[in-house]
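Chain by chain, the residues:
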Amino acid sequence: MAAAITGGCLCGACRYATDAAPINIRACHCRLCQKATGAPLYARVLVPLDAVRIEGPVGWHHSSAALRRGFCTACGTTLFSERASAM
Ligand SMILES: [Zn+2]
Ligand SMILES: [Zn+2]
């Protein structure tokens, strides 16, 4: 059965999939998210990280002490954000 949520980057090197039910779905308009995405807002789905299967060359950048952002090191697509507090 296909995973409930799937996606990937622009060049196809990175793929992700999860069957986890979303904890929440939000659009963040904070300055850091705007700069990280190059867009007016960052729309994202929150699921437990251990429930996500990730393949490909993902790099991580700490945009603050509490949060790091994952991106494809081949094409630069913004893919993930991970909070130290998990919420
Ligand atoms: Zn890529
Ligand atoms: Zn934000």
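Above: the structure in question.
What you see is a predicted model; the values in this text were computed from it and never measured. (Residues numbered from 1 in each chain as written. Chains lettered and ligands numbered in written order. Predicted model: local features only at pLDDT ≥ 70, side-chain atom pairs only at ≥ 80, totals over all residues. Heavy atoms only, no water.)

Caption draft 1: Quick peek at the coordination of the zinc ion (ligand 2). Within the first shell, the zinc ion (ligand 2) binds the protein through Cys28 (SG), Cys30 (SG) and Cys33 (SG), at distances of 2.2 to 2.3 Å. As a motif over one chain, the donors of the zinc ion (ligand 2) read C-x1-C-x2-C. Overall, Cys28 belongs to the partly exposed group, its relative accessible area being 30%. (Donors = N, O, S within 2.8 Å, 3.2 Å for Na, K, Ca; no water. Buried < 20%, exposed > 50% of the residue type's maximum accessible area, 1.4 Å probe, protein only.)

Caption draft 2: Looking closely at the pairing of strand 4 (residues 42-46). Burial of strand 4 is one-sided: the residues Tyr42, Arg44 and Leu46 facing one way are buried, the residues Ala43 and Val45 facing the other way are not. Note that strand 3 (residues 24-28) and strand 4 share five bridges and pair antiparallel. The partner of Arg26 across the bridge, within strand 4, is Arg44. (Helix = DSSP H or I, 4+ residues; strand = E, 2+ residues; numbered from the N terminus. Pairing = 2+ DSSP bridges.)

Caption draft 3: Spotlight on the pattern of salt bridges. Inspection of the entire model under this criterion finds two salt bridges. Ionic pairing is found between Arg53 and Asp19, a salt bridge with its closest N-O pair at 3.9 Å. Here Arg53 is found in strand 5 (residues 52-55), whereas its partner Asp19 is found in the loop between strand 2 (15-18) and strand 3, with 34 residues between them in sequence. For Arg68, the salt bridge is made with Glu82, and the minimal N-O distance between the two is 2.7 Å. Separated by 14 residues along the polypeptide, Arg68 in strand 7 (residues 67-72) and Glu82 in strand 8 (residues 78-83) bring together distant segments of the chain. On the accessibility criterion, Glu82 (23% relative accessible area) is partly exposed. (Salt bridge = Lys/Arg side-chain N within 4 Å of Asp/Glu carboxyl O.)

Caption draft 4: Quick peek at the coordination of the zinc ion (ligand 1). Bound to the zinc ion (ligand 1) on the protein side are Cys9 (SG), Cys11 (SG), Cys72 (SG) and Cys75 (SG), at distances that span 2.3 to 2.4 Å. Each of the four donor atoms around the zinc ion (ligand 1) contributes to a set of angles spanning 107 to 114°, which defines the coordination as tetrahedral. Within one chain, the residues serving as donors to the zinc ion (ligand 1) are arranged as C-x1-C-x60-C-x2-C. What makes Cys11 partly exposed here is its relative accessible area of 44%. (Tetrahedral: all angles 85-135°; square planar, octahedral: opposite > 155°, others 65-115°.)

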